[in-house]
Amino acid sequence: MERSVARGMSRIIEPIPVYVVTGFLSTGKTCVINHILSFRSSRVGRVAMEDGRTKADTPICMLPMLTTTNIEEVAQSLLIAVQGKDVQEVWLEYNGMLSFTLLERLFCDPCLVNIFQIKRVYFVTTTNYCLHLLGKTGSAVESQLANADCILWWDKLEETQVISKTDDETVISRLQQLCPHTPCIRVSSLVDRRSINKILKDHQYITGRTIALGVGMAVCYIGISVSSIPLLENVKYAMALWMATVIQALSFLLLGIICSSFLQTWIPSSFFTKRLQGNLVTSMGWALVGGFLFPVCDCAAIPVFRSLLVRGVPLPAALLFMLASPIINPIVILSTWYAFFGMPQVVIARLVLGVIIAVLVSLSFLHYRGLDSIVGRGQGLLSLEDRLESLEKSNKVFYFLENARKDFFRMAPFIIIASLVVSFFQVYIGNFLKYYSLTGNLAMTIELMIALAFVLSICSTADAMIARNMSSNIPLPGILAFLVFGPMMDVKNFFVLTSLFPKAFVYRLLISLLLACFVFAFAFAVITGSVVL
């Protein structure tokens with residue numbers, strides 16, 4: 001009977017989101033759910049896998065304690081619990097003594113894999129736990145913490161509790177040290193519906209904002225194009241240049257995202273991961289091969305970099321993949337060739353300089369020990385590849401399309417805005433540069449283009465289109481500095497890296513890339529005769 005129910009429910013187009021609240025025993029998980037659900041208006045199903053001291057304020061379904069032998073039984077119980085109740089979301093209180101891997105396997109069961117999707121994971125903790133027990137309660141809690149999307153810290157679990165400033169700083173420091181990538185939010189700050197919705201947000205809201213931005217810009221373009229005001233002639237030209245650049249850049253962005261999402265969904269990464277774990281020379285060689293074969297953009301390369309580290313790949317090899325893949329993959333090569341058609345030297349120079357800089361910067365971290373707490377940490381965790389193997393073909397298609405949609409709408413605003421800035425730069429500042437030659441100020445040119453690449457944050461699959469519009473006013477070494485530095489480090493990547501890794505590592509990487517790109521862009525100018533010493 002349960003299997004027939006599962007087959008019937010599997011026809012649901014979008015899985016029911018599951019919000020998991022986890023943490024060690026007696027850290028206030030039930031209280032957190034009570035508090036959050038008091039602000040939720042949607043139809044909620046509430047499930048628990050442990051019986052705490054605090055009573056639930058809403059109806060709750062108790063499930064058996066999850067073990068390796070009763071996963072199918074628990075899956076069927078959960079399925080029956082939500083049957084016929086028109087549940088829009090599920091809040092699950094997970095047992096604080098169980099590994100998170102068990103929960104992942106539960107939702108990969110054939111009964112549930114097409115019906116539910118773990119949306120967000122919250123790790124609930126207290127001041128006393130962080131000060132006295134954190135790191136001493138076994139691997140189960142560590143696996144829960146490692147998979148958390150957000151840490152909810154009970155800074156005032158009881159009315160009489162008083163936290164000193166020293167304890168406050170110690171808790172924050174320890175949590176940031178263990179999970180630098182995970183935001184830590186005080187429960188006392190969740191005081192209204194707005195603050196609750198903030199921790200529930202995912203990437204869905206980006207779609208509407210991106211569409212609104214695109215429509216707004218298109219309306220402005222049409223309005224200016226039909227205007228007959230003489231003062232707007234330069235603006236018309238800039239907007240026409242912007243529209244042409246956007247169409248071409250978004251085409252290559254979409255192509256790169258489709259390839260990246262396809263490989264992530266259907267091509268197993270274990271083939272390269274195993275080879276990246278060999279000796280240094282071999283692993284770095286495979287990192288370049290993987291960077292060429294897996295067309296991921298710069299923002300997508302960062303999560304891959306972290307996943308390689310937690311699987312035990314040496315830091316130089318993993319870092320080389322992150323730095324080189326946004327430059328040497330076929331989509332970027334194709335977009336650069338298309339943008340600079342008739343100038344193969346630009347394509348070759350970008351590849352050569354990109355590989356040299358990526359290799360040297362990666363090797364400079366050979367003896368770096370600041371990420372030792374991350375390397376090899378995830379050997380026993382269930383990987384994305386393991387989860388995808390449990391999905392039916394139709395659900396893999398859904399995952400592929402959903403992943404591509406999120407990536408596209410996340411990156412499209414950067415392309416739209418960057419294209420607009422560069423178009424006006426070309427029309428207004430470009431005329432000024434014709435009278436103020438940058439050829440004799442090569443150092444300033446390279447610095448300017450590195451700064452522009454950092455600020456504009458353009459995806460590497462589309463940055464060549466932007467660079468082409470500046471090539472009539474900027475010497476080639478400056479263009480190459482823009483094309484090499486941008487894919488390796490920009491504003492958006494800087495903030496993503498600082499949320500995932502210690503700031504000392506990120507600042508050292510930023511400075512190393514700045515120096516390397518400047519030196520090699522200047523050396524290219526000297527070798528090719530662009531500047532005379």
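Right, let's walk through the structure included here.

Conventions and cut-offs
- Residues numbered from 1 in each chain as written.
- Predicted model: local features only at pLDDT ≥ 70, side-chain atom pairs only at ≥ 80, totals over all residues.
- Heavy atoms only, no water.
- Salt bridge = Lys/Arg side-chain N within 4 Å of Asp/Glu carboxyl O.
- Helix = DSSP H or I, 4+ residues; strand = E, 2+ residues; numbered from the N terminus.
- Buried < 20%, exposed > 50% of the residue type's maximum accessible area, 1.4 Å probe, protein only.
- Expected span 1.5 Å × (residues − 1).
- Phe/Tyr/Trp six-rings, centres within 6.5 Å; stacked < 30°, edge-to-face > 60°.
- Pairing = 2+ DSSP bridges.
- Contact = heavy atoms within 4.5 Å.
- Axes fitted to C-alpha atoms, helices over the stretch in contact; angles between N-to-C directions.
- Core = buried A, V, L, I, M, F, W, Y, C linked by side-chain atoms within 4.5 Å.
- Patch = residues over 30% accessible without salt bridge, like charges linked within 9 Å, V, L, I, M, F, W, Y side chains within 5 Å.
- Areas by Shrake-Rupley, 256 points an atom, 1.4 Å probe, with all protein chains shown as cover.
- Polar contact = N/O pair within 3.5 Å; in protein donor to acceptor, adjacent residues only side chain to side chain.
- Parallel < 35°, antiparallel > 145°, perpendicular 65-115°, else oblique.
- Left-handed = near helix turned anticlockwise from the far one by under 90°.
- Nonpolar A, V, L, I, M, F, W, Y, C, P; charged D, E, K, R; others polar.

Evaluated as defined, the whole model comprises 1 salt bridge. Ionic pairing is found between R350 and D463, a salt bridge with its closest N-O pair at 2.7 Å. Remark: D463 occurs in helix α20 (residues 463–470) and R350 occurs in helix α16 (residues 344–363); sequence separation between them is 113 residues. By relative accessible area, D463 is classed as buried at 2%.

A separate point is helix α21 (residues 476–488). Given a rise of 1.5 Å per residue, 13 residues ought to cover 18 Å, and the 19 Å separating the end C-alpha atoms of α21 matches this to within 8%. The element α21 is largely enclosed, with a buried count of 12 among its 13 residues. When α21 is considered as a whole, its buried residues turn out to be P477, G478, I479, L480, A481, F482, L483, V484, F485, G486, P487 and M488.

A separate point is the packing of aromatic side chains. Applying the stated criterion across every chain, the model contains 10 aromatic pairs. Judged by centre distance (5.5 Å) and plane angle (75 degrees), the ring pair of F365 and Y368 falls under edge-to-face. Like F365, the residue Y368 is buried in the burial classification. Ring centres of Y368 and F505 lie 5.8 Å apart, and the angle between their planes is 45 degrees; on these two criteria the pair is classed as tilted. Here Y368 is found in the loop between α16 and α17 (384–389), whereas its partner F505 is found in helix α23 (residues 503–528), with 137 residues between them in sequence. For Y368, a relative accessible area of 14% puts it in the buried group. Note on F505: relative accessible area 0%, which makes it buried.

Further remarks concern the sheet that holds strand β7 (residues 184–186). Read across the open sheet, the 7 strands follow the order β3-β2-β4-β1-β5-β6-β7; overall the sheet is parallel. In this open sheet, the two strands that pair with only one neighbour each are β3 (61–62) and β7. Where strand β6 (residues 150–154) meets β7, 3 bridges bridge the pair, whose relative direction is parallel. Each residue of the ladder has a partner; that of I151, found in β7, is C184. In the packing of helix α2 (residues 29–37) onto the sheet, the strands contacted are β1 (16–22), β2 (44–48), β4 (89–93), β5 (116–126) and β6, and the crossing angle to β4 comes to about 160 degrees.

A few words on the nonpolar core. In this structure, M470, F482, F505 and L509 are the most contacted members of the largest nonpolar core, which totals 90 residues. By residue number, the principal contributor to this core is helix α14 (residues 315–328), which donates 11 residues. Not counting the four nearest positions on each side in its chain, F505 is found in contact with F305, L315, L319, F365, Y368 and L371. Ranked by size, the runner-up nonpolar core spans 28 residues in total, among them V74, V87, Y94 and L103.

Take a nonpolar patch on the surface next. Together, L255, L334, W337, Y338 and F341 line one region of the surface with nonpolar side chains, adding up to about 520 Å² of accessible area. The residue W337 is located in helix α15 (residues 330–339) in this model.

So, about the side chain of S460. Within the secondary structure layout, S460 lies in the loop between α19 (442–456) and α20. For S460, a relative accessible area of 0% puts it in the buried group. Within the structure, the side chain of S460 is placed 3.1 Å from the backbone oxygen of P326, a separation counted as a polar contact.

Among the 7 residues of β1, 7 are classified as buried, and the element is accordingly described as predominantly covered. Judged by which residues are buried, β1 turns out to be covered on both faces: I16, V18, V20 and T22 on one side and P17, Y19 and V21 on the other are all buried. Pairing of β1 with β5, which is carried by 7 bridges, proceeds in the parallel orientation. Along β5, the bridge assignment pairs V20 with V121. Two elements, β1 and β4, share 4 bridges in a ladder whose sense is parallel. Bridging across to β4, V18 finds its partner in V90.

What follows is about the environment of P475. Residue position: P475 is located in the loop between α20 and α21. The buried category is assigned to P475, whose relative accessible area is 16%. Taking the C-alpha atoms as reference points, P475 and L442, separated by 33 residues in sequence, lie 8.1 Å from one another.

This paragraph deals with the packing of helix α12 (residues 280–293) against α14. Contact pair α12 / α14: the axes reach a minimum separation of 8 Å and the direction vectors enclose 25 degrees. What the angle tells us is that α12 and α14 run roughly parallel. Here the hand of the crossing between α12 and α14 comes out right-handed. Packed against α12, whose contacting residues are L280, S283, M284, A287, L288, G290, G291 and F292, the element α14 presents P316, A317, L320, F321, A324, S325 and I328 at the interface. Its residues assigned to classes, the contact of α12 with α14 comprises 11 nonpolar, 4 polar and no charged.

Here we take up the pairing of β2. On any regular strand, side chains alternate: one points to one face of the sheet, the next to the other face. Counting buried positions over the 5 residues of β2 gives 4, a clear majority of the element. Relative to β4, β2 runs parallel, the two sharing 5 bridges. Residue pairing across strands places G45 opposite V90, the latter belonging to β4. Bridge count between β2 and β3: 2 bridges; the pairing is parallel. Bridge pairing in β3 links V47 to C61.

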